[in-house]
4 protein chains.
Amino acid sequence: MSSTIGDRIKMTIYGESHGPSIGVVLDGLPAGVALDLEAIGREMKRRAPGQNKLATPRKETDSFTIESGFFEGRTTGMALCVRIENHNAHSRDYSLLKDVMRPGHGDYPGFIKFHGANDYRGGGSFSGRLTAPLVFAGAVAKQLLSREGILVAAHVAEIAGIKDRPFRAVGESRETLEALQADYIPLLDSTVREPMQDAITKARAEKDSVGGCIECMAVGIPAGLGEPYFDSVESKLSHALFSVPAVKGVAFGDGFALAGMKGSEANDPMALKQDKVVCTTNHNGGILGGITNGMPVLFRVVIKPTPSIGKLQHTVNVRTHEETTLEVTGRHDPCVVPRAVPVIEAVTAWTLLDLLFLMKRG
Amino acid sequence: MSSTIGDRIKMTIYGESHGPSIGVVLDGLPAGVALDLEAIGREMKRRAPGQNKLATPRKETDSFTIESGFFEGRTTGMALCVRIENHNAHSRDYSLLKDVMRPGHGDYPGFIKFHGANDYRGGGSFSGRLTAPLVFAGAVAKQLLSREGILVAAHVAEIAGIKDRPFRAVGESRETLEALQADYIPLLDSTVREPMQDAITKARAEKDSVGGCIECMAVGIPAGLGEPYFDSVESKLSHALFSVPAVKGVAFGDGFALAGMKGSEANDPMALKQDKVVCTTNHNGGILGGITNGMPVLFRVVIKPTPSIGKLQHTVNVRTHEETTLEVTGRHDPCVVPRAVPVIEAVTAWTLLDLLFLMKRG
Amino acid sequence: MSSTIGDRIKMTIYGESHGPSIGVVLDGLPAGVALDLEAIGREMKRRAPGQNKLATPRKETDSFTIESGFFEGRTTGMALCVRIENHNAHSRDYSLLKDVMRPGHGDYPGFIKFHGANDYRGGGSFSGRLTAPLVFAGAVAKQLLSREGILVAAHVAEIAGIKDRPFRAVGESRETLEALQADYIPLLDSTVREPMQDAITKARAEKDSVGGCIECMAVGIPAGLGEPYFDSVESKLSHALFSVPAVKGVAFGDGFALAGMKGSEANDPMALKQDKVVCTTNHNGGILGGITNGMPVLFRVVIKPTPSIGKLQHTVNVRTHEETTLEVTGRHDPCVVPRAVPVIEAVTAWTLLDLLFLMKRG
Amino acid sequence: MSSTIGDRIKMTIYGESHGPSIGVVLDGLPAGVALDLEAIGREMKRRAPGQNKLATPRKETDSFTIESGFFEGRTTGMALCVRIENHNAHSRDYSLLKDVMRPGHGDYPGFIKFHGANDYRGGGSFSGRLTAPLVFAGAVAKQLLSREGILVAAHVAEIAGIKDRPFRAVGESRETLEALQADYIPLLDSTVREPMQDAITKARAEKDSVGGCIECMAVGIPAGLGEPYFDSVESKLSHALFSVPAVKGVAFGDGFALAGMKGSEANDPMALKQDKVVCTTNHNGGILGGITNGMPVLFRVVIKPTPSIGKLQHTVNVRTHEETTLEVTGRHDPCVVPRAVPVIEAVTAWTLLDLLFLMKRG
């Protein structure tokens, strides 16, 4: 299994939903960087469970302790390990799921892969809880990117078919982007908030769940990031993004709409603006030939509906090797899209920082 | 820059469109494997240019010589290097493009990244020509996968808004899949061939280009492939797929349609079929928790319209730092989707073989 | 910085001498392996400080907690994180050393590399204390190797010029090898124990320190381990061995004596023994062409004398940029060679297990 | 197998002694660097066979062609592939060696590892011929290091027991170091040249071979190179050095002599010299805590005697599974030490450049 990602900066995560702790080791951070731990805490809180009635009632403060690599308020340049204790695990909720596979979950592939030795409690290492260390890593990366003038922000583009307005592809103001972080459901058009909340509430009432899309933008990105042939910006970002549970699609710029466009529509004309080379449109999401062109990096991911649902489902018992039915109980989010927003931002920030360090070669 | 991809098997590519040769070094192949060089040659020919009037008139046989790692008809277990000479390069076509950036191409990001030192002739290392070594690597991988009962095939799902019927998500017959390789535009529904050809011909006549989608399926995949947390099947496949020029989106299973689905619709019910655990639907594209579940692996990529078009475009001259216009001449495909099909299959086969070898641990 | 080592199995260590904890994340272990935690504890104890009057008086039990990857007594197949708390740190001992560089230590290179941001207490991340996680990793690897019939053992070959008899190059009995682990100074010839102890005691009395050599042997190794061109057995072992603080030389088989030998002396004749291909000598330390030949893997490392000494030394103050003198106080080992023995065994076991998994390809 | 080495810069080699070509792909070189191809040719010639009667009579000019990554006299920033054709292969010399294993060679381990599928002609991929691409890579690295004021040089420290004077550990003049490259046997004390030559000539006459040592020094190295915990300077250098055929030991600074030294002898006192922090001795070979301290990097490797000897040796036939005898014929060096000197320099230069690029982080 691969618990490490990154080239110039690497993160190695560990942990299971119901073990004593989860955490991450960050390697390759520059030495002497002051970190704003309160800002990191705020990012952690955006993702933390139990925030409101739209989310899982599992209560976790997601408070963290830094075990190494941070001394007198600054990074030391050596591995920075952060540890997040698990507190509110209800292992009794899951004991029946050792043998009965939850449809839509990693239970069955994990059972096969690990020969039944995996920790099945609360999804074990497949749990969305493992995204907490990602958010920590992303919060550190955001602070480093900020020093270079780079800002990463995302919004809920769609939930249950209800759509927010998309980002303006050539760029949004930093004020607009920063304001997004204040809300549990970050939106550009606040009029869709209530319909989205209603859809989530309705799904919960129906013992069902809903999916959606997240759109992410990074502004302030210099031209030149990306390491083709094989480590294009799209390759590295998608690699990281597909590590986030429930992500099933990633598309840059106009994405799948490009299939129906002509070259004359999809090509972004170039021009000079205040003596700077720019594109006047951004159908390519700020990336050409796998390398950033100085326009905002823009992409969209799809988040599938939470597979844990209370409705009756057909499945198998792998111990008895029989067909059976299942109603998943326990504490679940009827929609993980809002809580996935800071996670998408986090892996994006981490990957862009890695690409930035890769670009700065000797 | 990163010219190497893979974990247990690695490929390292080199070359530019107008240099003496392009090639690839394959590392980590098992020893003693007989390779069918004629079958490899057939795969190479599927991608080769100059096949018909729908494609670029550049003539390249893409014949190859194996320089190492292959002895007495079998792999030696050491690095297998293959070399493909460039013959039909017209460098005069490109000399004007040193300073005038082609919109939609990697010209400008490459100019910034490499400080103007990149080989600008024919797109240099950004050229689609570099996909020839990928097809070689994929053809080798296909032969190794075939011994495990795994078959990878793709079809043109969409060109210029005209759509082929999609794959049956729970699986297509091997006959259907194998038959796809015979055509320049591989289709499940041959009635859309002529409309697609017309759209391409029309785009060429208009000095424009068209995009499309490719859908790819792998059958015979065992459950258990994939190395989460960070090397999920989706992560590794998308990483490789986004290395293919013009790919701007990758989506697994129902992809972006999952945004509007409910959990009860997106979860694939499990059942026993001839005593084997199966899913009765395949909305998740054969991957759950980042690991294959034994269903066909299924995904779709979008290919943007060829950025090289003869229409007048607005751009900049980076030497004079002035705005200018450009009509791209030279020999270009008005639609690269058909030639991209074997490339998509190739990187998919290579990645699945890597995942298969990763799964077989001590 | 690189805190991760390994290909098929990776370990990522973190921690500083005086931080809250040190630890390691082991990734890539097979699922379902029962681990004998008591046996691991015994290995940890061999390295732990404060065992006797020959070693540092710093008291650390080096008890550990497994945070993830271990469930119901078996590995889960996901990242196994172990955490070792620091208890007996005396930070007051080190505060003066922030500016005054200790000769022979990483203080000055670390100060330059990390711009003064490194944790200087107790050597920070350069501390020998970081070898505790290595021993944990090695203890796990030993249990997995044991299932394949592989045994790794080492002895103190030399301290302060006093020499133990060398291993019989063609192999020692398992009883002999296993018996070595019982002693703080593992020796083949126990008559040199007292002279060695006296030399250490004398060095301490003189506020000085002594160095030595460790010889290590692995038996039961199959032929075929090693991944040349660049990941030969020697390359991978030396890479890991030189990560152990104080190691300054690594030599396989007859090592530097080969410089004065002839081919007819250095070549190991081959023969059949009970129908098995063997060598009748082992001047090459069980490795030819970078690959194991089935003979015991045999090598020797040199451990430099502990740089922390009470004697007056000339050095510089990097803050005042002046020359100065220093007498290092604090709790130090006058000879780290005995405590380095289990560490050398550990990194050897880890590396051989990695090579074993690398060999088992698809 | 691993045919790639390096972190920020990677080289991937391919080829066998008797295949059409050998070569290397260099990845990660900065863009826009002018390369002096004549200087590279001179380095290649230092290693090339057939230079004089002390070496193998195999004639290879080792002329090279650059296939990619080099345009208009400068690096492009993309993969630089170099190709060296094999000309003077006498495959008839080796056909008997398919089954009869040469003692001291990788024949038997290779036969086991590759199940008999390896190219056995001329040692195949184990051939010393594969060091030619290493020298090319090293020559490129030397030019890049030179721009940073770094010079790497080596001399024959010992052949057949006859010793050159060692390097002055605190540094040799650049004139002295540069002068070494002029001779087939580079020596600091030219009075030992004739005895060494005689020893080699005598070994050849006796159908035997001799070994030796090479000492290597890099001057101009800044403090701060090295990436502990696991990628210390010693770890990375030894990893690369042990990839060179026949190297069996690597020792830094005083090396194995440190076993008999006291801390007060082995610690290098620090002082200020022209306001610069220096050590007044260099027992640690310029490396402390795995990081360079600004003193010359200094180490020694042992080269075992050429295993190919004409004397009668006992061995086995792996096809018939019988004991047999063998007199190795063909064209061999009775002593590879002189030709190994530029190879040692090459892998050292490559590794130091990689470390230099690793140090320059964001």
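Residues numbered from 1 in each chain as written. Chains lettered and ligands numbered in written order. Predicted model: local features only at pLDDT ≥ 70, side-chain atom pairs only at ≥ 80, totals over all residues. Heavy atoms only, no water.

## Thoughts on the overall build of chain A
To be explicit about the condition: Strands are runs of DSSP state E lasting at least 2 residues, helices are runs of H or I lasting at least 4, and numbering of each runs from the N terminus. Here the radius of gyration uses the C-alpha set of atoms, whereas the globule reference equals 2.2 Å times the residue count to the power 0.38. Note on contacts: a residue pair is in contact if any heavy atoms of the two residues lie within 4.5 Å. All accessibility values rest on the Shrake-Rupley procedure with a 1.4 Å probe; residue burial counts only the protein chains present in the view.
Check the secondary structure of chain A and you find eight helices and 18 strands. The globule rule puts the C-alpha radius of gyration for 362 residues at 21 Å, and the 21 Å found for chain A is close to it. With the C-alpha coordinates aligned to their principal axes, the bounding extent of chain A is approximately 70 × 50 × 35 Å. Across chain A, every contact between residues at least 6 apart in sequence was considered, and the portion connecting residues at least 24 apart equals 73%. Total accessible area on chain A stands at roughly 11300 Å², and carbon and sulfur atoms take up 51% of it.

## Some details on the interface of chain B and chain C
Here is the rule: Accessible surface is computed with a 1.4 Å probe, and the buried area is the amount of it that two parts give up when combined, taken over both parts together. In protein, a polar contact requires one atom able to donate a hydrogen and another able to accept it; more generally it is a pair of N or O atoms within 3.5 Å, and residues adjacent in sequence count only if both atoms are side-chain atoms. Residues are grouped as follows: Ala, Val, Leu, Ile, Met, Phe, Trp, Tyr, Cys and Pro are nonpolar; Asp, Glu, Lys and Arg are charged; all remaining types, including Gly, are polar.
If you look at the interface, chain B gives 13 residues, while chain C gives 13 residues. Here chain B packs against chain C, burying approximately 1100 Å² in sum over the two surfaces, 49% of which is carbon and sulfur. Where chain B packs against chain C, one counts four residue pairs in polar contact (both at pLDDT 80 or more). When its residues are assigned to classes, the side of chain B that touches chain C shows seven nonpolar, three polar and three charged.

## Here we look at the relation of the copies chain B and chain A
Quick note on the threshold: Overlaid copies result from least-squares superposition on C-alpha atoms, with residues included only where pLDDT is at least 70 in both.
Once chain B has been moved 0.0 Å along the axis and rotated by 180°, it coincides with chain A to within an RMSD of 0.0 Å. Expressed as a symmetry operation, the mapping of one chain copy onto the other fits a two-fold axis. Of the residues that chain B buries at the interface, 100% are likewise interface residues in chain A, meaning the two copies contact each other through the same surface.

## Some thoughts on the interface of chain B and chain A
Short version of the rule: Salt bridge, as applied in this entry: a Lys or Arg side-chain nitrogen positioned within 4 Å of an Asp or Glu carboxyl oxygen.
The interface of chain B with chain A comprises 101 residues on the first partner and 101 residues on the second. Summing both sides of the interface, chain B and chain A together bury roughly 7900 Å²; the carbon and sulfur share of this comes to 61%. When the buried area of chain B at its contact with chain A is split by residue, Tyr-229, Phe-230 and Lys-248 of chain B rank highest and sum to 12% of it. Counting the contacts that link chain B with chain A gives six salt bridges.

## What about the packing of helix H1 (residues 37–47) of chain B against helix H3 (residues 131–146) of chain B?
Residues and elements named next belong to chain B. Selection rule: A fitted line through C-alpha atoms represents every axis, and for helices the fit uses only the stretch in contact; the resulting angles, taken between N-to-C directions, go from 0 to 180 degrees. Crossing handedness follows the turn of the near helix against the far one: under a right angle anticlockwise gives a left-handed crossing, and clockwise gives a right-handed one.
Interhelical geometry of H1 versus H3 gives an angle of 140° and a closest axis separation of 9 Å. As H1 runs across H3, the sense of the crossing is right-handed. Residues Ala-39, Ile-40, Glu-43, Met-44, Arg-46 and Arg-47 of H1 form the contact with H3, whose own contacting residues are Thr-131, Ala-132, Val-135, Phe-136, Ala-139, Val-140, Lys-142 and Gln-143. The class makeup of the residues in the contact of H1 with H3 is eight nonpolar, two polar and four charged.

## A word on the relation of the copies chain B and chain C
Screw-axis analysis of chain B against chain C gives a translation of 0.0 Å along the axis, an RMSD of 0.0 Å, and a rotation angle of 180°. Here 100% of the contact residues of chain B are again contact residues in chain C; the copies associate through an equivalent surface.

## Points about the state of the cysteines
As a reminder, the rule being used: Throughout, disulfides are identified as pairs of cysteine sulfur atoms within 2.5 Å of each other.
Tallying each qualifying case throughout the model produces zero disulfides over all chains. Cysteine Cys-216 of chain A is unpaired, with the sulfur of Cys-213 of chain A as its nearest cysteine sulfur at 13 Å. With no disulfide partner, Cys-279 of chain B has as its closest neighbouring cysteine sulfur the one in Cys-216 of chain B, 19 Å distant.

## Brief notes about the pattern of salt bridges
Quick note on the threshold: The buried label goes to any residue with under 20% of its type's maximum accessible area, the exposed label to any with over 50%, and the partly exposed label to all in between, with areas taken from a 1.4 Å probe on protein chains only.
Under the counting rule described, the total for this entry stands at 88 salt bridges over all chains. Ionic pairing is found between Glu-345 of chain C and Lys-142 of chain C, a salt bridge with its closest N-O pair at 2.5 Å. Of this pair, Glu-345 of chain C sits in helix H8 (residues 337–359) while Lys-142 of chain C sits in helix H3 (residues 131–146), and the two are 203 residues apart along the sequence. As far as burial versus exposure is concerned, Glu-345 of chain C and Lys-142 of chain C are alike and both buried. A cluster of three or more residues bridged by salt bridges with shared partners is formed by Glu-43, Arg-46, Lys-142 and Glu-345 of chain A.

## Some details on the sheet that holds strand E2 (residues 10–15) of chain B
Residues and elements named next belong to chain B. This is how it is decided: If DSSP finds at least two bridges between two strands, the strands pair.
Strand order in the open sheet formed by five strands is E1-E2-E3-E7-E4, and the pairing between neighbours is antiparallel. The two strands at the open ends of the sheet, each matched to only one other strand, are strand E1 (4–5) and strand E4 (64–66). Strands E4 and strand E7 (80–85) of the sheet are contacted by H1, whose axis makes an angle of about 140° with E4.

## What to know about the nonpolar core
Selection rule: Nonpolar cores are built from buried Ala, Val, Leu, Ile, Met, Phe, Trp, Tyr and Cys residues. Side-chain atoms within 4.5 Å join them into one set.
In this structure, Met-11, Leu-26 and Phe-136 of chain A together with Met-11, Leu-26 and Phe-136 of chain B are the most contacted members of the largest nonpolar core, which totals 164 residues. Among residues more than four places away in sequence, those in contact with Phe-136 of chain A are Val-24, Leu-26, Ile-40, Met-44, Phe-64, Ile-66, Leu-80 and Val-82 of chain A. Of all hydrophobic cores here, the second largest spans 160 residues; its members include Ile-84 of chain C together with Ile-9, Leu-54 and Val-347 of chain D.

## Some remarks on the environment of Ala-117 of chain B
Looking at where Ala-117 of chain B falls in the secondary structure, it is placed in the loop between helix H2 (107–113) and H3. The sequence separation of Ala-117 of chain B and Val-33 of chain B amounts to 84 residues, and the corresponding C-alpha distance is 41 Å. Excluding residues within four positions of it along the chain, Ala-117 of chain B makes contact with Ala-31, Gly-32, Phe-71, Arg-74, Thr-75 and Thr-76 of chain D.

## Considering helix H6 (residues 233–241) of chain D
Note that an α-helix has 3.6 residues per turn; residues three or four places apart therefore point the same way. Within H6 of chain D, nine of the nine residues are buried, leaving the element largely enclosed by the surrounding structure. Looking at H6 of chain D, one finds that the buried residues are Val-233, Glu-234, Ser-235, Lys-236, Leu-237, Ser-238, His-239, Ala-240 and Leu-241 of chain D.

## Describing the pairing of strand E16 (residues 297–303) of chain A
All names here are of chain A. Taking burial as the measure, the seven residues of E16 include six buried ones, the bulk of the element. The pairing of strand E10 (residues 212–219) with E16 spans seven bridges and is classified as antiparallel. If you follow Ile-214 over to E16, its bridge partner there is Val-301. Direction of pairing for strand E11 (residues 247–252) relative to E16: antiparallel, over a ladder of five bridges. Note on E16: the bridge partner recorded for Val-247 is Ile-303.

## Some details on the sheet that holds strand E1 (residues 4–5) of chain A
Residues and elements named next belong to chain A. With respect to topology, five strands assemble into an open sheet ordered E1-E2-E3-E7-E4, the strand pairing being antiparallel. Strand pairing shows two members of the sheet lacking a second neighbour, E1 and strand E4 (64–68), which therefore form its edges. Looking at chain direction, E4 and strand E7 (residues 80–85) are connected through four bridges and run antiparallel. For Ile-66, the partnering residue across the bridge sits in E7 and is Val-82. Across the sheet, helix H3 (residues 131–146) lies against strand E2 (10–15), strand E3 (21–27), E4 and E7, angled at about 30° from E3, the strand it touches most.

## Structural notes on the packing of aromatic side chains
As a reminder, the rule being used: By convention, a stacked pair of Phe, Tyr or Trp rings (six-membered ring in the case of Trp) has centres within 6.5 Å and planes under 30 degrees apart, an edge-to-face pair has planes over 60 apart, and any other such pair is tilted.
As enumerated under the stated definition, the model contains 22 aromatic pairs over all chains in all. Considering the side-chain rings of Tyr-120 of chain B and Phe-71 of chain D, the 5.3 Å spacing of their centres and the 75° angle between planes classify their relative orientation as edge-to-face. Pair noted here: Tyr-120 of chain B is in the loop between H2 and H3 and Phe-71 of chain D is in strand E5 (residues 70–71), and the two residues belong to different chains. An identical accessibility class is assigned to Tyr-120 of chain B and Phe-71 of chain D; each is buried. In this structure an aromatic cluster arises from ring pairing among Phe-242 of chain A together with Phe-252 and Phe-299 of chain B.

## Quick notes on the environment of Val-277 of chain D
Here Val-277 of chain D shows up in strand E13 (residues 276–279). Classification of Val-277 of chain D as buried rests on a relative accessible area of 12%. Distance from Val-277 of chain D to Ala-223 of chain D, taken between C-alpha atoms, is 9.9 Å for residues 54 residues apart in sequence. In this structure Val-277 of chain D touches Tyr-108, Val-316 and His-321 of chain C together with Met-270, Ala-271 and Leu-272 of chain D, once residues within four positions along its chain are discounted.

Any link to function would need more than the numbers given here.
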